[in-house]
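Here is what each chain is made of, one letter per residue.
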Amino acid sequence: MRLSKRCEHFNALHAEIASQGINPYFRPTAKTWGSEVEVAGKRLVMIGSNDYLGLSHDPRVMDASAKAVYAWGTGPGGSRFLSGNMVLHQLLEERLAAFVGKKGAVVHVTGFSTNLGALGCLITPADTVLCDREGHASIFEGIKSTRARISTFAHNDVQNAAKKIAEAKRARPDGDVFLITEGVFSMSGDVAAFGELAALKDEFPDIIIYLDDAHGLGVLGPGGRGTALHFDAAARTDFIMGTFSKAMASIGGFIAADDEGVLRYLRYQSRTQIFSAALPAANTTAVLTCLDILEKEPERVTRLHQVTNRMREGYKAIGLRIGQSASPIIPIIIGSDEKAFQFSQALFENGVFALPAIYPAVPRGQALIRTAYMSTHEDRQMDFVLEVLDRLARQFRIRAQDVEEDEIRAAQPNMTPDATADGAGRAKLSYL
Ligand SMILES: Cc1ncc(COP(=O)(O)O)c(C=O)c1O
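What counts, and where the lines are drawn
- Residues numbered from 1 in each chain as written.
- Predicted model: local features only at pLDDT ≥ 70, side-chain atom pairs only at ≥ 80, totals over all residues.
- Heavy atoms only, no water.
- Helix = DSSP H or I, 4+ residues; strand = E, 2+ residues; numbered from the N terminus.
- Buried < 20%, exposed > 50% of the residue type's maximum accessible area, 1.4 Å probe, protein only.
- Contact = heavy atoms within 4.5 Å.
- Lys, Arg positive; Asp, Glu negative; His and termini not counted.
- Charge placed at Lys NZ, Arg CZ, Asp CG, Glu CD.
- Domains from an automatic or database assignment.
- Buried area = accessible area lost by both parts, 1.4 Å probe.
- Patch = residues over 30% accessible without salt bridge, like charges linked within 9 Å, V, L, I, M, F, W, Y side chains within 5 Å.
- Areas by Shrake-Rupley, 256 points an atom, 1.4 Å probe, with all protein chains shown as cover.
- Salt bridge = Lys/Arg side-chain N within 4 Å of Asp/Glu carboxyl O.
- Axes fitted to C-alpha atoms, helices over the stretch in contact; angles between N-to-C directions.
- Left-handed = near helix turned anticlockwise from the far one by under 90°.
- Nonpolar A, V, L, I, M, F, W, Y, C, P; charged D, E, K, R; others polar.
- UniProt positions renumbered as here; feature names shortened; annotations may be inferred.
- Pairing = 2+ DSSP bridges.

Quick look at the overall build of the protein
Within the protein, the regular secondary structure consists of 15 helices and 14 strands. If you line up the protein on its principal axes, its C-alpha atoms span 70 × 55 × 50 Å. Looking at the protein as a whole, 54% of its 432 residues are labelled buried. A separation threshold of at least 6 residues defines the contact pool for the protein, and within that pool the share at least 24 residues apart is 71%. Distance between charge centroids for the protein: 4 Å, based on 47 positive and 50 negative side chains.

Here's the deal with the domain arrangement of the protein
Entries for the protein in the domain assignment read domain 1 (16-46 + 299-411) and domain 2 (57-296). Computed from C-alpha atoms alone, the centre-to-centre distance between domain 1 and domain 2 is 28 Å. Taken together, the contact between domain 1 and domain 2 spans 21 residues of the former and 21 residues of the latter. The junction of domain 1 with domain 2 conceals about 1300 Å² of combined surface from both sides, 63% of it contributed by carbon and sulfur atoms.

Brief notes about unusual backbone geometry
The phi angle of most residues is negative, glycine excepted, and most peptide bonds adopt the trans form. Y359 connects to P360 through a cis peptide bond whose omega is 10 degrees. Of note, P360 is situated in the loop between β13 (355-357) and β14 (367-372). Phi at D232 is positive, roughly 55 degrees, even though this residue is not glycine. Assignment of secondary structure puts D232 in the loop between α8 (227-230) and β9 (239-243). Overall, D232 belongs to the exposed group, its relative accessible area being 70%.

Regarding a nonpolar patch on the surface
Residues F81, L82 and Y268 make up a contiguous nonpolar surface patch of roughly 360 Å² in combined accessible area. Looking at the secondary structure, you find Y268 in helix α9 (residues 260-269). Given the relative accessible area of 48%, Y268 is considered partly exposed.

Overview of the packing of helix α13 (residues 337-349) against helix α14 (residues 379-396)
Interhelical geometry of α13 versus α14 gives an angle of 145 degrees and a closest axis separation of 11 Å. Between α13 and α14 lies a crossing of right-handed hand. Facing K339, Q342, F343, A346 and L347 of α13, the residues of α14 in contact are V388, L389, L392, A393 and F396. Within the contact of α13 with α14, the residues separate by chemical class into eight nonpolar, one polar and one charged.

Things to note about the UniProt feature "domain: Aminotransferase class I/classII large" (unreviewed entry) in the protein
Those places that UniProt annotates as "domain: Aminotransferase class I/classII large" (unreviewed entry) correspond, in this numbering, to residues 45-388. Overall, residues 45-388 shows 43% helix and 16% strand. The separation of its end C-alpha atoms is 11 Å.

Concerning the sheet that holds strand β3 (residues 42-46)
Taken together, the four strands give an open sheet; going across it, the order is β1-β2-β3-β12, and neighbouring strands pair in mixed fashion. Every interior strand has two partners, whereas the edge strands, β1 (29-32) and β12 (352-353), have only one. Of the strands in this sheet, β2 (36-39), β3 and β12 are in contact with α13, which crosses β3 at around 115 degrees.

Digging into the sheet that holds strand β4 (residues 104-108)
Reading across from one edge, β4-β10-β9-β8-β7-β5-β6 is the order of the seven strands in this open sheet, with mixed pairing throughout. A single partner strand is all that each edge strand has here, and the edge strands are β4 and β6 (149-153). When the angles between neighbouring strand axes are averaged without regard to direction, this sheet yields 20 degrees. Pairing of strand β8 (residues 208-212) with β9, which is carried by three bridges, proceeds in the parallel orientation. Bridge pairing links D212 to M241 in β9.

Examining the pattern of salt bridges
As enumerated under the stated definition, the model contains 30 salt bridges in all. Measuring nitrogen to oxygen at the nearest pair gives 2.6 Å for the salt bridge that ties E93 to R80. Remark: R80 occurs in the loop between α2 (59-72) and α3 (87-100) and E93 occurs in helix α3; sequence separation between them is 13 residues. The exposure classification of E93 matches that of R80, with both residues buried. A salt bridge links D379 to R310; the nearest nitrogen and oxygen atoms lie 3.4 Å apart. With D379 in helix α14 and R310 in helix α12 (residues 299-318), this residue pair connects regions lying 69 residues apart in the sequence. Residues participating in the shared-partner salt-bridge network are R397, R399, D402, E405, D406 and R409.

Pasting the structure below:
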């Protein structure tokens, strides 16, 4: 389809949705206090942020970043390969490597570009890449750029992964086999069965394990040191990738490994490292300060899990369907895209910020409201959110018992179904 046609099609769908007032994306935040925000003149409790430790509003992180601007300026002036490399980057690489249990690291300008650049230069077309089906877009984009054979394994299914590794080794004995998973899955909040995945090295010692720990860093493991150390599996993990855009209160990303030679190769060969500007000093310093804080105050991570457990128990008491999450990301499963959009809008009108995730970000028909918690959430904010959720869940009939009753009614066509919030204003939302 020509570009003009594609745009026309997209814009028609966009206008249809906008006319119903239910497009929740790209809403500009006017003010933020971290766990609360102001949007369109409304003050909302934020349960949609990845700032898990609330450090983006910690005065120590803000002060250090502001001072870094005065010391280093606002922009790096070039790629790290050329003029943009700072001692701050090198210091951060040493600190990060030690933090996650690896010998060295390479810092990038975003998490996305870390996956894109690292996977793009580690993998060749002769290799086979096995990736959890629910992997992040940046992982798939990185792999696609290599033209290697991609095969997915069923979500968090170690046996399925093992079967596929064996098949790949039989079919392509000369290539490497990469096994890629997230530590904490960004939409479902599931924690990877990473101990068992890493143990596949007993059977297949030469597989290369690549862990995207965007949502595990600062969240899992001793003092927030991530998923690999949480499972005591850092030594078996060849590559640990992380981002600074979540618990590390900044932007940027890194890839850590033990092999100096491979790290040098990544540093010099990754296209997103060489042909993209360096991470600015303010962002680099923010991460260094977060690491200082985390090393001194591991109780922040404990508090994060207390907040999350309280919300998880509250949601279970309401009867919400929340999947298997064991992390600060708790999905509220809705089902249809339409209902998820309407529910998110109702949350907004009732003072809660949380956004829907629909296909392709989640499997078809499993649209959800992605909620995520911060160690800085206060009891009063949690009480408020639970009260709103309890009320709206009944109204929208999204509790497990409502869904079950509605399914029974649907199976008996002579009974009149309840009017549900799904009934009005159906829109074709599949453009996203
Ligand atoms: C699992 C995962 N990997 C990578 C990224 C990309 O990170 P960044 O936003 O720092 O570019 C994200 C961001 O959402 C993510 O969730």
